[in-house]
Number of protein chains: 4
Amino acid sequence: MEKNNIKKGWKNRVHEIIYEADTPLGKWFDIVLFILIIISVILVMLESVDEIDTKYHKQLLVMEWIVTIFFTIEYIARVISIHKPFKYIFSFYGIVDFLSTIPLYISYIFAGSQVLLAVRAFRLLRIFRILKLVKFLGEASQLKQALKASRAKIAVFIYVVLILSVIMGTIMYLIEDDDAGFTSIPRSIYWTIVTLTTVGYGDIAPQTNLGQFIATAIMILGYGIIAVPTGIVTVEFSKQGKSNVKDGKSVVHTSTQACPSCSAEGHRDNAKHCYKCGSEL
Amino acid sequence: MEKNNIKKGWKNRVHEIIYEADTPLGKWFDIVLFILIIISVILVMLESVDEIDTKYHKQLLVMEWIVTIFFTIEYIARVISIHKPFKYIFSFYGIVDFLSTIPLYISYIFAGSQVLLAVRAFRLLRIFRILKLVKFLGEASQLKQALKASRAKIAVFIYVVLILSVIMGTIMYLIEDDDAGFTSIPRSIYWTIVTLTTVGYGDIAPQTNLGQFIATAIMILGYGIIAVPTGIVTVEFSKQGKSNVKDGKSVVHTSTQACPSCSAEGHRDNAKHCYKCGSEL
Amino acid sequence: MEKNNIKKGWKNRVHEIIYEADTPLGKWFDIVLFILIIISVILVMLESVDEIDTKYHKQLLVMEWIVTIFFTIEYIARVISIHKPFKYIFSFYGIVDFLSTIPLYISYIFAGSQVLLAVRAFRLLRIFRILKLVKFLGEASQLKQALKASRAKIAVFIYVVLILSVIMGTIMYLIEDDDAGFTSIPRSIYWTIVTLTTVGYGDIAPQTNLGQFIATAIMILGYGIIAVPTGIVTVEFSKQGKSNVKDGKSVVHTSTQACPSCSAEGHRDNAKHCYKCGSEL
Amino acid sequence: MEKNNIKKGWKNRVHEIIYEADTPLGKWFDIVLFILIIISVILVMLESVDEIDTKYHKQLLVMEWIVTIFFTIEYIARVISIHKPFKYIFSFYGIVDFLSTIPLYISYIFAGSQVLLAVRAFRLLRIFRILKLVKFLGEASQLKQALKASRAKIAVFIYVVLILSVIMGTIMYLIEDDDAGFTSIPRSIYWTIVTLTTVGYGDIAPQTNLGQFIATAIMILGYGIIAVPTGIVTVEFSKQGKSNVKDGKSVVHTSTQACPSCSAEGHRDNAKHCYKCGSEL
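All of these numbers come straight from a predicted model, not from anything done at the bench.

Looking only at helices and strands, chain A features 13 helices and zero strands. In chain A, of all internal contacts separated by at least 6 residues, the share reaching a separation of at least 24 is 56%. Accessible area of chain A: about 13900 Å², with a carbon and sulfur share of 67%.

Written out as structure tokens, the structure reads:
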């Protein structure tokens, strides 16, 4: 690492600040970014509250511009300082960064660009890395692997639940009146899922005796089948735990460094080359 | 297999197309069938939405006829091309196929034949086979076996829950007024199950202090006893997982082929004879 | 057993019919009892539905008398035919049998004896034995043992949940207005439990922003802590399963015979003496 | 222990009564304290019910004064009799004891001191020790350890759930009208969490078809991801159980004695020195 640093130009230094957290400047950048992401999400929320927007519209707009300008600079810096910019631009985070930067600009051209504001929330995912939550990243990847391993079983489960909902929803539509809220089969299916998952809004509820009897059956069914995904995931977690112990290490130590060419993260502490594209770190 | 193919007549070729997915024509047939099943279910849904039915009644009827005619041809072909047609006709899928074909015909004779449309949803179960989801079939059969093994325990559990609901429902009927919605014991039992399964519509809710106190007890009870089926199923899944590992193989490879005489599915890849009726594949 | 039968008087024969299911008459008795218990519970339900009670009051009363007379005879026969009648009379089933027999008699003396009708539902517990569900009894006792072993942990859990509810309920009472339904601390605690257990009726719901924020925290808490009883019970079930396998037998075979002196059930198939009081079977 | 008792002054004797439960007086003190804590919590509840407060205001106030005076004496005695009073004063229980004593005094100075009454509920946590529930303390500490071990995984899980809620809430705000209750993004997020945790009040419910479709997806998601914390906790409990068995003992026997200097509890039965500060017991 030290040897490479000597040969670095300004691009490399920018790269180090933005993509890594090992230098003091890099840490400061991460903290500022972290705060601005939180602010940007809170801004979107506050703007949606009518009373607040009416009162503090001007202040909110100023804040929005500050955040947008910082995000714009950050985005440009990210694109410039990386070796293979297109890999970043079309990566998940690249798209999220782009879409969460542009809404304010677009709002002067198109109305209804608010839709893009929802994208900002995805930026919150960066926080894992920003907070140097390497340990948490390890936990998250364990969870991810367990869920991945049980994917097929859960897909079968959800598929069966959906078929059940279609069948039960159709039956309830035939039994219950429109007055009770069962105005169409799609709406009856909506009700069935509300009941099966034990959410139970109560905006639609069966009125007839037969309808209430079937509803009861659906509830007990839903109460019982929740055991299935739980069982699947628990067994998978239990396997994960054991295989980790077998290897003798429970957590692989990863650095916060990102590859300068492809911006892949999660390199081992002692890695010299990117595990993805092979370029030197 | 190749040797048998030489001696095949048209019945055998039809059988191969309908019941198997190994030939190009068989694959095409499966894809068309898959799309038509999805369409047929969506058609039933759309017809139930008043605004859509009023506007596009004619188009929907035409689509309905196309689906019905295809299903009719398919059903006849299935009956003709199989060695033992009665086994198919009285099998689960045979009955589902029949009932999901006839509603349109019957609607010209009887009103209210709509009830049969609900049967169509069962056809969705075929998709597992159509999508060549052999791996999923393996997962599904694992889930099925685990649930089968824990059947007795779950039956005991549901039985105890039902007795509890009858007792609690009767008590709540005696405590609460008619105004709160507890107009009869069956309705009180309905409320108890709604509460015990944590669905909680809120269409019926206790008003008196004593009623709310007992409701609280029922909720905590329900919150706690959900642990029972989960525990049962998890332990059973965990056993399943271990016994599979013991055998050294985790998934038995099965072909998509169906037996020409009895239409049993799920034969091993290298099977020469049907595991059910013993006739050559 | 055969030797004893020779010396039996009529009391013994009545005992055999009522308490055992090994003779044809004993089986018939059990089936009739089973049907009458179900009928007696359904009768209580139907009487509570106003429309039905008004229309068929006479028929229901006749049925009620038939059931009551049969239960009366059965109760007297049980008391007479057993060696130690007081053990039966003050046992759980003895009290349930007595209380589910008397409501009709008392209704001519006191009004409001309906309360006792709720007791009838407990009779449904007999069905396990009646249906010769020895296997189910085994399962039920496994469940019981697992729950017994995890009793202390679950008590701690429920205790913590209750304290949490009291604290959160008091806080919500201070935050929310009476208009939202939070009229007193007990009612706020009721709402907290409704929310924490994910029942969510919606009859009481927070209106202020702060209230909704805390409600959100309670929900996520409730969503998370449901994992605790599930985890406890699952681990206990898993231990049960292992200890059973260790013994080499998974189910202890029990006969349907009951002890003639103390009416204890669940004797081993080859038992000669009651495991409880030691008298000959 | 016996040797030390000889040298004890009155401070030591007060300490023994208040902090320990091994002497008859200590037991009596604990029972009285237990009853007064329960009474103090019930008093707060009753005062909040308008009908009761209007009728019995005087009686409640007298009771309140009795409880307050006892708590005052107890608090002073605790501070005096301990070696290092500041450790107690700034410990969790010290602060709870102080805050649950002062509300009545403050109510004569400031209005709205009711807020502090909520603190009283925390006193209920003492009951574990008061009831000599050593066994329960063992169970509680097992639960605590299991939850502590799975803390990182649960934090990741809750964080992902919150991000999901922000994203889904924003989307629902854009789709649904104000009439349906989705008046701002924070409120939409509140609804999303209500739905995701399967609480489902029904005070806010989607009206449009698209909204109901997304709601359905959120429900199934929520229904599925409840498996994650359950799986995490179950695996952790299962590990706890095994490590306890490995040690050969399942429960560490602890005495009800508290350290005279730092008031730490949970010493081993045969402990001579406090495990925390090392002073003699």
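Moving on, we get to the relation of the copies chain A and chain D. Between chain A and chain D, which share one sequence, the superposing operator has a rotation angle of 90° and an axial displacement of 0.0 Å; the RMSD is 0.1 Å. As the rotation angle and translation indicate, the two copies are arranged about a four-fold axis.

With that settled, the discussion passes to the pattern of salt bridges. One pass over the structure, following the stated rule, counts eight salt bridges over all chains. Between glutamate 74 of chain A and arginine 78 of chain A there is a salt bridge, with its nearest N and O atoms 2.7 Å apart. In this pair, glutamate 74 of chain A and arginine 78 of chain A both sit in helix 4 (residues 50-81), four residues apart, roughly one turn of the helix. We classify arginine 78 of chain A as buried; its relative accessible area is 2%. Across the pair arginine 78 of chain D and aspartate 97 of chain D runs a salt bridge whose closest N-O atoms are separated by 3.8 Å. With a gap of 19 residues between them, arginine 78 of chain D in helix 4 (residues 50-81) and aspartate 97 of chain D in helix 6 (residues 92-99) connect regions that are remote in the sequence. Neither residue differs from the other here; arginine 78 of chain D and aspartate 97 of chain D are each classed as buried. Beyond isolated ion pairs, a larger network of salt bridges with shared partners links Glu74, Arg78 and Asp97 of chain A.

Residue and element names in this part refer to chain A. The UniProt feature table records "transmembrane region" (unreviewed entry) at residues 28-49, 61-82, 102-122, 154-175 and 213-235. Between the end C-alpha atoms of residues 61-82 there is a gap of 32 Å, over a span that is 95% helix and 0% strand. The span residues 213-235 is 96% helix and 0% strand, and its two end C-alpha atoms sit 34 Å from each other.

Now for the packing of helix 13 (residues 209-225) of chain C against helix 11 (residues 185-196) of chain D. At a closest axis distance of 10 Å, the pairing of helix 13 of chain C and helix 11 of chain D adopts a crossing angle of 25°. One finds that helix 13 of chain C runs roughly parallel with respect to helix 11 of chain D. At the point where helix 13 of chain C passes helix 11 of chain D, the crossing takes the left-handed sense. Every residue of helix 11 of chain D that contacts helix 13 of chain C at Asn209, Gln212, Ala215, Thr216, Met219, Ile220 and Tyr223 of chain C is listed here: Arg187, Tyr190, Ile193, Val194 and Leu196 of chain D. For the contact of helix 13 of chain C with helix 11 of chain D, the class distribution of residues is eight nonpolar, three polar and one charged.

A common measure of how large an interface is: the accessible area buried when the components associate. In this complex, chain A contributes 46 residues to the contact, which on the side of chain D involves 44 residues. Between the two partners, chain A and chain D, sit zero salt bridges. At the boundary of chain A with chain D, the tally comes to six residue pairs in polar contact (both at pLDDT 80 or more). Among the secondary structure elements, those contributing two or more residues to the side of chain A that touches chain D are helix 3 (24-48), helix 8 (127-130), helix 9 (134-149), helix 10 (151-175), helix 11 (185-196), helix 12 (209-225) and helix 13 (227-247) of chain A. Considering every element that reaches the side of chain A that touches chain D, the biggest residue donor is helix 9 of chain A, with seven residues. Here the side of chain A that touches chain D is built from residues that sort into 31 nonpolar, ten polar and five charged.

The next thing to look at is a negative patch on the surface. Together, Asp50 and Glu51 of chain A together with Asp177, Asp178 and Asp179 of chain D line one region of the surface with negative charge. If you trace the backbone, aspartate 179 of chain D turns up in the loop between helix 10 (151-175) and helix 11. Owing to a relative accessible area of 75%, aspartate 179 of chain D belongs among the exposed residues under this scheme.

Residues and elements named next belong to chain A. Within the secondary structure, serine 184 sits in the loop between helix 10 and helix 11. On the basis of relative accessibility, which here comes to 8%, the residue serine 184 falls in the buried class. Sequence separation between serine 184 and tyrosine 173 is eleven residues, and the spatial gap between their C-alpha atoms is 6.6 Å.

For threonine 198 of chain B, which is not glycine, the phi dihedral falls at a positive 60°. Turning to its location among the elements, threonine 198 of chain B is positioned in the loop between helix 11 (185-196) and helix 12 (209-225).

Residues and elements named next belong to chain A. Together, Trp28, Ile31, Val32 and Ile35 make up an exposed nonpolar region whose accessible area comes to about 400 Å². If you trace the backbone, isoleucine 31 turns up in helix 3. Owing to a relative accessible area of 42%, isoleucine 31 belongs among the partly exposed residues under this scheme.

The description of an aromatic ring pair uses the distance of the two centres, along with the angle that the planes make with each other. Going through the model one piece at a time under the given rule, you end up with 35 aromatic pairs over all chains. Ring geometry for tryptophan 65 of chain A and tyrosine 105 of chain A: centres 5.8 Å apart, planes at 70°, overall edge-to-face. Highlighted residues: tryptophan 65 of chain A in helix 4 and tyrosine 105 of chain A in helix 7 (residues 103-106), separated in sequence by 40 residues. Each ring, one from tyrosine 75 of chain C and one from phenylalanine 98 of chain C, has its centre 5.7 Å from the other, and the planes form 50°; the classification is tilted. Here phenylalanine 98 of chain C lies in helix 6 (residues 92-101) and tyrosine 75 of chain C lies in helix 4 (residues 50-81), a separation of 23 residues in the sequence. For phenylalanine 98 of chain C, a relative accessible area of 39% gives the class partly exposed. Through successive ring pairs, a cluster of aromatic residues spans Phe29, Phe70 and Phe71 of chain A.

A few words now on the side chain of threonine 192 of chain B. All names here are of chain B. On the secondary structure map, threonine 192 appears in helix 11. Exposure remark for threonine 192: the relative accessible area of 1% places this residue in the buried category. Separated by 2.7 Å, the side chain of threonine 192 and the backbone oxygen of serine 188 make a polar contact. What threonine 192 contacts, discounting residues up to four positions off in sequence, is Ser165, Met168, Gly169 and Ile218.

A few words now on the confidence of the model for chain A. Residues and elements named next belong to chain A. Of the residues in chain A, 75% have a pLDDT of 70 or more, and the chain-wide mean is 77. Summarising per-element confidence for chain A, the mean pLDDT is lowest in helix 1 (residues 2-6) (49) and highest in helix 11 (91). This stretch, residues 1-7, has a pLDDT under 50; its non-local contacts, to residues over four places away or in other chains, come to six contacts. A low-confidence stretch, residues 244-254 stays under pLDDT 50, and its non-local contacts, those more than four residues away or across chains, total 13 contacts. For this predicted complex, the interface confidence reaches an ipTM of 0.78, while the overall pTM sits at 0.81.

Turning next to the side chain of glutamate 236 of chain B. Take glutamate 236 of chain B: it is sitting in helix 13 (residues 227-247). When sequence neighbours within four positions are dropped, the list of residues in contact with glutamate 236 of chain B reads Ala146, Ala149 and Ser150 of chain B.

Rules behind the numbers
Residues numbered from 1 in each chain as written. Chains lettered and ligands numbered in written order. Predicted model: local features only at pLDDT ≥ 70, side-chain atom pairs only at ≥ 80, totals over all residues. Heavy atoms only, no water. Helix = DSSP H or I, 4+ residues; strand = E, 2+ residues; numbered from the N terminus. Contact = heavy atoms within 4.5 Å. Areas by Shrake-Rupley, 256 points an atom, 1.4 Å probe, with all protein chains shown as cover. Least-squares fit on C-alpha atoms with pLDDT ≥ 70 in both. Salt bridge = Lys/Arg side-chain N within 4 Å of Asp/Glu carboxyl O. Buried < 20%, exposed > 50% of the residue type's maximum accessible area, 1.4 Å probe, protein only. UniProt positions renumbered as here; feature names shortened; annotations may be inferred. Axes fitted to C-alpha atoms, helices over the stretch in contact; angles between N-to-C directions. Parallel < 35°, antiparallel > 145°, perpendicular 65-115°, else oblique. Left-handed = near helix turned anticlockwise from the far one by under 90°. Nonpolar A, V, L, I, M, F, W, Y, C, P; charged D, E, K, R; others polar. Polar contact = N/O pair within 3.5 Å; in protein donor to acceptor, adjacent residues only side chain to side chain. Patch = residues over 30% accessible without salt bridge, like charges linked within 9 Å, V, L, I, M, F, W, Y side chains within 5 Å. Lys, Arg positive; Asp, Glu negative; His and termini not counted. Charge placed at Lys NZ, Arg CZ, Asp CG, Glu CD. Phe/Tyr/Trp six-rings, centres within 6.5 Å; stacked < 30°, edge-to-face > 60°. pLDDT = per-residue confidence, 0-100.

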